[in-house]
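Chain residues, written in single-letter form:
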Amino acid sequence: MIKTEQGVPGRQHRIILTANASMTARQMHFFLAIALLFLGMTATGFVMLGAWPVLPFAGLEWLLLAYCMRKTLDRNALREVITLADDVLIWEQGRLEPERSLRLQSAWVALEWGESRNRNHARRLFLRSHGRRTEIGAFLTEDERATLAATLTRLLSDNQKYMR
Amino acid sequence: MSASAATHDDHHDDHHDDHGPAKGFMRWVYTTNHKDIGTLYMITSLIMFMIGGAMALVIRLELFEPGMQYVDPGFFNQMTTLHALIMVFGAVMPAFAGMANWMIPIMIGAPDMALPRLNNWSFWLLPFGFVMLASTLFMEGGAPAAGWTLYPPLVLQTGDSFPFTIFTIHILGISSIMAAINIITTVLNMRAPGMTMMKLPLFVWTWVITAFLLIAVMPVFAGAVTMLLTDKYFGTSFFNAAGGGDPVLYQHLFWFFGHPEVYILILPSFGIISQIIPTFARKPLFGYSSMVYATASIGLLSFVVWAHHQYTVGMPIAGELYFTYATMLIAVPTGVKVFNWISTMWRGSMTFETPMLFAIAFVMLFTMGGFTGLMMSISPADLQYHDTYFIVAHFHYVLVPGSVFALMAGTYYWLPKWTGYMYDERLGKLHFWLTTISVNVTFFPQHFLGLAGMPRRIPDYAVQFAEFNAWSSVGAFVFGFSQLLFIYIIIKAVRGGQKATDEVWEGASEHGLEWQLPSPPPYHSWITAPFVK
Ligand code: HEM
Ligand SMILES: [Cu+2]
C-alpha cells in the first residue's frame, strides 16, 4: 500500500509504504476473542462435569494461538517512509520505529529498475546515489512498485524545479 | 523431490531469501520452506497409508472365512486399533496438512506460511509419534487393543504400551494444533492484496474451518486421554465408578472431540472436490458463497451432535430426540454442497481425466455414506445398527471413497504442478477403475452383514456371514494392491515424463493462482504478491 502526504507544497513530501498484511489488529482481537469464547465455553462445561484437565490444555493452546498471531502481525507491520524535504531525501525502514535509514541529497538520487530475482518475481526498484543502490518497497506488488516509481520521479522533479 | 530441486539455477543474486534448497539430507531436517514441508507430510502420509493398509489386510485375511486361522484375538484387536489410529492420524490428516502446506500459500499469493519454523516443528513431531506408536507392538502386553476410541474401563487393561499410546496422542495432537494455528494465521494475515475472504479458493476456506475445528476440540481430547493416564497410574477416578467417577463422561469427552474430528477428515476433501469439478466442467463453481456458508454450518453443527455415537448408552429420551434432530440437520448443508457440485457439472463441457473421475466417484459414493449416516442418526433405528458392521460400512464409505478419494483426486490434479511432469493418464485411469470397483466390493457387502447382525471388532463370526465376508476380503486385497500402482504412478511422474505446462489443465488458469506459476513453481514463489482482481 502506498500513501502520500504533503507538507509545504512542492517542497515537502512523504510517501509511506506498508507490507501486504491482510489482517488488522482489530480483526485479530476479534478472532482471538471468538476462539477464547469457544474454548472457554467447552472447558467450563467440562470442568463443571468434573473433567477439569481440559482447562489447562485449552488455556495453553489459546496462549500459543494468541502469541503466534501477535508475532505475525508484528512482523507484517514492516513499513518504509520516504521523506522529501527541500534538498534531502530520507528513506527509513522499520516496524514501530526506523530500523534502517538512509539520507541522500535529492539532486543526486536516481531511480533504477533492476532485474527480478526470479522469473515470477516483480522487478526490483532501487534508489541510486553516488554509486550505491538500495532496494525500496521490496514487499510491494509489481503494480505498486510502478506507481511508487512514477510518484517518486514526479516528486523529485518537482522538487528540483523548486530548488532551482 | 524434483519439485523444488530443479528450480533455482536461474538466479544470480546474493540476496538472502533467494537461495534454492540446501543440499543433502539436512535440507529436509532444517527446512522451513512450505513446499518442502508439504512434500515431507505427503510422503509420510503415503508410508503410513501403506502400513495402515497392511494392518487392514491382516484383519481382512482373518475374516476371509469363519473360524480362527491366522492371528490370535488379542493381536486382531491390536490390528483394528492401530489401523484406525494410523489411518486417521497418520495417513489422512498429514496428507491434508501436506496439501495445505503446498497449496495454501500459492493459492492466496503468499510467499510462505506465516510461521515457517513452527511449520518445521509440526512436521518433525510426526515421525517421532509414529515410531513410538509402532514400537508399542513389541511391548509387554502388545499394542493398544481397545479400539481407536480408547473407552475405559477396557483401555485401562492395556499393558506397558498404555502410557506410550497416550504420549503418542499428545505428540500428534500438538503437531495438529501447530499446523492449524499456522494455517489460520497464514490465511488471515498473508493474503495478497485484493484476495478478500470471499475470493478465497474453497480448498483454503474449508481448511480454515477445519483448522478452527482442530483448535476447538484438540484440548478436549488431550484432557480426556490425560485423565485416562491419571486414572491408571495416579489413583484418580475420573472415569471409575467405584471412585465416584463416570465412564460415560469419557464417551462424552471423546465424541465431543471425535465427531468434529471426522469432519476434520472430510471438510478439506470438500475443498479439493470444489477445486476440481469447476476445472474439468470448464465453468465457475456453482453457488460459491453458499458453499462457504454450508461448510461453516457443517463446522458449527459438528459441535452439537456428538452423542449420536452414544445412543445405546442410556441417555434420557430428550437427549435421544435432540441428538437425532440435530444430526439430521447436518444433511441440509451437506445436500447444498452435493447440489452445487452437480449444478457445476450441469451443461459444462466436461472431460474425464483421472482427477475428475475420482471427484465424480467422490460425489456419488460419499453421498451414499451420508445416507447411511442419516439412517443411523435416527436413535431408535440406531439401536439396531450400533456396533455392527453397518457402522463400519458407513464410515468407510465416507472415509475411503470420501476423504481418500479426494486425496487421490487432489494428488492427480496437482501432481503435474508439484513435479513439473504429467503423470501417466492411462495408468491413472486404470488405478481409478481398480480402486473404485474394489472399494465397493469391499465395503458394500458390509452393509448387509451389519443389518444381519454381525458385530464389529471381532475376529470370528457365525457361518451365515461367510459369503459377504469373503467378498469383502477379496475386494480389500484388490484395493490394497491397486495402491502399489498409485505409488508407481507418483514415482514415475516425479522422475520425469511429458513436461507439464504452467496451466496444466485447459483453462485452469481461471480457476486459481496456482496455475499462473510455472510447473514446478520456483522454490520461493510469490515473494512479491500478485494483485488479485
Ligand atoms: C450426513 C452426515 C453424517 C451423519 C448423519 C453421520 C452419522 C453417524 C452416526 C449416527 C454414527 C454413529 C453410529 C453408531 O455408532 O451407532 C456415525 C459413526 C461414524 N461416522 Fe458418521 N455421519 C455422517 C458423516 C460422516 C463423515 C463425513 C465421516 C468422516 C469422514 C463420518 C465418520 C464416522 C465414523 C468414523 C464413525 C464411527 C465411529 C466409531 O464408532 O468408531 N461420518 N456417523
Ligand atoms: Cu458423528
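Before any of the text, the structure's been laid out above.
Read on for an overview of the structure. (Residues numbered from 1 in each chain as written. Chains lettered and ligands numbered in written order. Predicted model: local features only at pLDDT ≥ 70, side-chain atom pairs only at ≥ 80, totals over all residues. Heavy atoms only, no water.)

The number of helices and strands found in chain A is three helices and eight strands. For chain A, whose C-alpha radius of gyration is 23 Å, the value lies well above the compact-globule estimate of 15 Å for 164 residues. Counting only C-alpha atoms and orienting by the principal axes, one finds that chain A spans roughly 80 × 40 × 25 Å. Looking at the 164 residues of chain A, the share that counts as buried comes to 45%. Restricting to contacts in chain A with at least 6 residues of sequence separation, those with at least 24 account for 46%. For chain A, the accessible area works out to roughly 9,100 Å², and carbon and sulfur atoms hold 58% of it. Distance between charge centres in chain A, computed from 22 positive and 16 negative side chains, equals 1 Å. (Helix = DSSP H or I, 4+ residues; strand = E, 2+ residues; numbered from the N terminus. Rg over C-alpha atoms; globule rule 2.2 N^0.38 Å. Buried < 20%, exposed > 50% of the residue type's maximum accessible area, 1.4 Å probe, protein only. Contact = heavy atoms within 4.5 Å. Areas by Shrake-Rupley, 256 points an atom, 1.4 Å probe, with all protein chains shown as cover. Lys, Arg positive; Asp, Glu negative; His and termini not counted. Charge placed at Lys NZ, Arg CZ, Asp CG, Glu CD.)

For the structure shown, the criterion picks out eleven salt bridges over all chains. With a shortest N-O distance of 2.9 Å, Arg124(A) and Glu135(A) are connected by a salt bridge. Separated by eleven residues along the polypeptide, Arg124(A) in strand S7 (residues 124-129) and Glu135(A) in strand S8 (residues 132-136) bring together distant segments of the chain. Of the two residues, Arg124(A) and Glu135(A), neither departs from the other in class, the shared state being buried. Taking the shortest distance from any N to any O, the salt bridge between Lys492(B) and Asp424(B) comes out at 2.8 Å. Remark: Asp424(B) occurs in the loop between helix H15 (389-419) and helix H16 (425-451) and Lys492(B) occurs in helix H17 (residues 466-495); sequence separation between them is 68 residues. (Salt bridge = Lys/Arg side-chain N within 4 Å of Asp/Glu carboxyl O.)

This part covers the coordination of the iron atom of ligand 1. Residues and elements named next belong to chain B. Inspection of the coordination sphere of the iron atom of ligand 1 shows a single protein donor, His394 (NE2), at 2.1 Å. The metal-metal distance between the iron atom of ligand 1 and the copper ion (ligand 2) comes to 4.5 Å. Here His394 shows up in helix H15. (Donors = N, O, S within 2.8 Å, 3.2 Å for Na, K, Ca; no water.)

This part takes up the environment of Ala406(B). Residue and element names in this part refer to chain B. Along the polypeptide, Ala406 turns up in helix H15. In this structure the C-alpha to C-alpha distance between Ala406 and Pro333, which are 73 residues apart in sequence, comes to 19 Å. If sequence neighbours within four positions are ignored, Ala406 has contacts with Ser269, Ile272, Ile273 and Phe362.

What follows covers the coordination of the copper ion (ligand 2). Residue and element names in this part refer to chain B. Here the copper ion (ligand 2) is held by His259 (ND1), His308 (NE2) and His309 (NE2), and the distances to it run 1.9 to 2.1 Å. Going along the chain, you hit the donors of the copper ion (ligand 2) in the pattern H-x48-H-H. You can call His259 buried: its relative accessible area is 5%. Residue classification places His308 among the buried residues on the basis of a relative accessible area of 13%.

That's the geometry; what it means functionally is another story.
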